[in-house]
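Reading the structure
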Amino acid sequence: MRKIAVFDFDGTLTTRDTLLEFIRYARGTMSFVMGFLRYSPLLVLMKLRLYPNYQAKQKVFSYFFKGIRIEEFDTLCQQFATTHRHLLRQQGVEAIEQAESEGKEVMIISASIDNWVQPFFPSVQVLGTQIEVVEGMLTGRFLTKNCYGQEKVNRLSAVCPDRETYHLTAYGDSRGDRELLAYADEAYYKPFRL
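Heads up: these notes are all about the structure in this document. (Residues numbered from 1 in each chain as written. Predicted model: local features only at pLDDT ≥ 70, side-chain atom pairs only at ≥ 80, totals over all residues. Heavy atoms only, no water.)

Looking at where Lys-152 falls in the secondary structure, it is placed in helix 8 (residues 150-159). On the basis of relative accessible area, Lys-152 is assigned to the buried category, the value being 2%. Looking at Lys-152, its side chain comes within polar contact range of the side chain of Asp-177, at 2.5 Å. Those residues in contact with Lys-152, other than ones at most four positions away along the chain, are Asp-8, Ile-109, Ser-110, Ala-111, Cys-147, Gly-176, Asp-177 and Leu-180. (Helix = DSSP H or I, 4+ residues; strand = E, 2+ residues; numbered from the N terminus. Buried < 20%, exposed > 50% of the residue type's maximum accessible area, 1.4 Å probe, protein only. Polar contact = N/O pair within 3.5 Å; in protein donor to acceptor, adjacent residues only side chain to side chain. Contact = heavy atoms within 4.5 Å.)

We now examine the pattern of salt bridges. All told, the structure shown has 8 salt bridges when counted by the stated rule. The partner of Arg-2 in a salt bridge is Glu-105, and the shortest N-O contact between them spans 2.7 Å. Taken together, the residues span a long stretch of sequence, with Arg-2 in strand 1 (residues 2-7) and Glu-105 in strand 2 (residues 105-113) at a distance of 103 residues. The partly exposed category is assigned to Arg-2, whose relative accessible area is 34%. For Arg-24, the salt bridge goes to Glu-21, with nearest N and O atoms at 3.6 Å. You can see Arg-24 and its partner Glu-21 sitting in helix 1 (residues 18-27), 3 residues apart, about one turn around the helix. Classification of Arg-24 as partly exposed rests on a relative accessible area of 32%. (Salt bridge = Lys/Arg side-chain N within 4 Å of Asp/Glu carboxyl O.)

Right, let's talk about helix 2 (residues 29-38) for a bit. In an α-helix, one turn spans 3.6 residues, which is why side chains three or four residues apart end up on the same side. Every buried residue of helix 2 is listed here: Phe-32, Gly-35 and Phe-36. An end-on view of helix 2 places all buried positions within 95 degrees of arc, on one side of the element. Helix 2 presents Met-30, Leu-37 and Arg-38 as exposed residues on the side facing more than 90 degrees away from its buried surface. Looking at the buried positions of helix 2, the neighbouring elements they touch are helix 1, helix 3 (40-47) and helix 4 (53-65). (Arc of directions from axis to C-beta.)

Here the focus is the nonpolar core. Taken as a class, soluble globular proteins show a tendency for nonpolar side chains to be buried jointly. Counting 47 residues, the largest nonpolar core has Phe-7, Phe-65, Phe-73, Ile-108, Trp-116 and Phe-121 as the members making the most contacts within it. Here this core gets 6 residues from one element, more than from any other, and that element is helix 5 (residues 70-83). Setting aside anything within four residues of it in sequence, one finds Phe-73 in contact with Phe-22, Phe-61, Phe-65, Ile-68, Ile-113, Asn-115, Trp-116, Ile-131 and Leu-138. Ranked by size, the runner-up nonpolar core spans 15 residues in total, among them Ile-4, Cys-147, Ala-170 and Ala-184. (Core = buried A, V, L, I, M, F, W, Y, C linked by side-chain atoms within 4.5 Å.)

Before going further, it helps to examine the packing of helix 2 against helix 3. The N-to-C vectors of helix 2 and helix 3 enclose an angle of 65 degrees; their axes lie 4 Å apart at closest approach. On the side of helix 2, the interface is formed by Phe-36, Leu-37 and Arg-38, while helix 3 contributes Ser-40, Pro-41 and Leu-43. For the contact of helix 2 with helix 3, the class distribution of residues is 4 nonpolar, 1 polar and 1 charged. (Axes fitted to C-alpha atoms, helices over the stretch in contact; angles between N-to-C directions. Nonpolar A, V, L, I, M, F, W, Y, C, P; charged D, E, K, R; others polar.)

This part covers the side chain of Thr-129. Secondary-structure assignment places Thr-129 in strand 3 (residues 125-129). Excluding residues that lie within four positions of it along the chain, Thr-129 makes contacts with Lys-57, Ser-110, Ala-111, Ser-112, Ile-113, Asp-114, Phe-142, Thr-144, Lys-145, Asn-146 and Cys-147.

Glancing now at the packing of aromatic side chains. What the rule picks out here adds up to 19 aromatic pairs. Geometrically, the ring pair formed by Phe-65 and Phe-73 is edge-to-face, given 5.4 Å between the ring centres and 75 degrees between the ring planes. Note on accessibility: Phe-65 and Phe-73 belong to one class, buried. Taken together, a centroid distance of 5.1 Å and an interplanar angle of 20 degrees make the contact between Tyr-171 and Tyr-188 stacked. Remark: Tyr-188 occurs in strand 7 (residues 186-189) and Tyr-171 occurs in strand 6 (residues 166-172); sequence separation between them is 17 residues. (Phe/Tyr/Trp six-rings, centres within 6.5 Å; stacked < 30°, edge-to-face > 60°.)

In structure tokens, the structure reads:
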């Protein structure tokens, strides 16, 4: 029987939300602050669950990155992963390495944009939120649904459809991971917190 280990990224493998850290890195602190001030009413509504999470996230992402060339964006993602390794939880990195050494198929399933998640773990398959690119430019829209909640299970099921043929171990830390953890044979909630 196949053995698959899936990990959430933000908060599970990292100490902070990488969307915020990436925006600050890519656009600078002043632009970061101004953008979040602009969208603060929307973000408050999102936190109160009066506005959909994915729509708020897409609006913020679009504000900062619409119109950028994909090559420039990917370069920023690579540089971000190189310069921000301190965001990774050492226990999470070790858990991935151990799973790989045991012959498990390892995946990261994250609501973060896969372009900046993948460079942190090049040997691991990443199922993240994907961005739309038209004629080499980011449109500011997401190509896939925000990979959160039930969408994490949907994305895993799309690449590993025969659920009875594999043993699934899942690691997560938030409300967005609950469905994936419930789907697993072994589930670890907030496993790498000290």
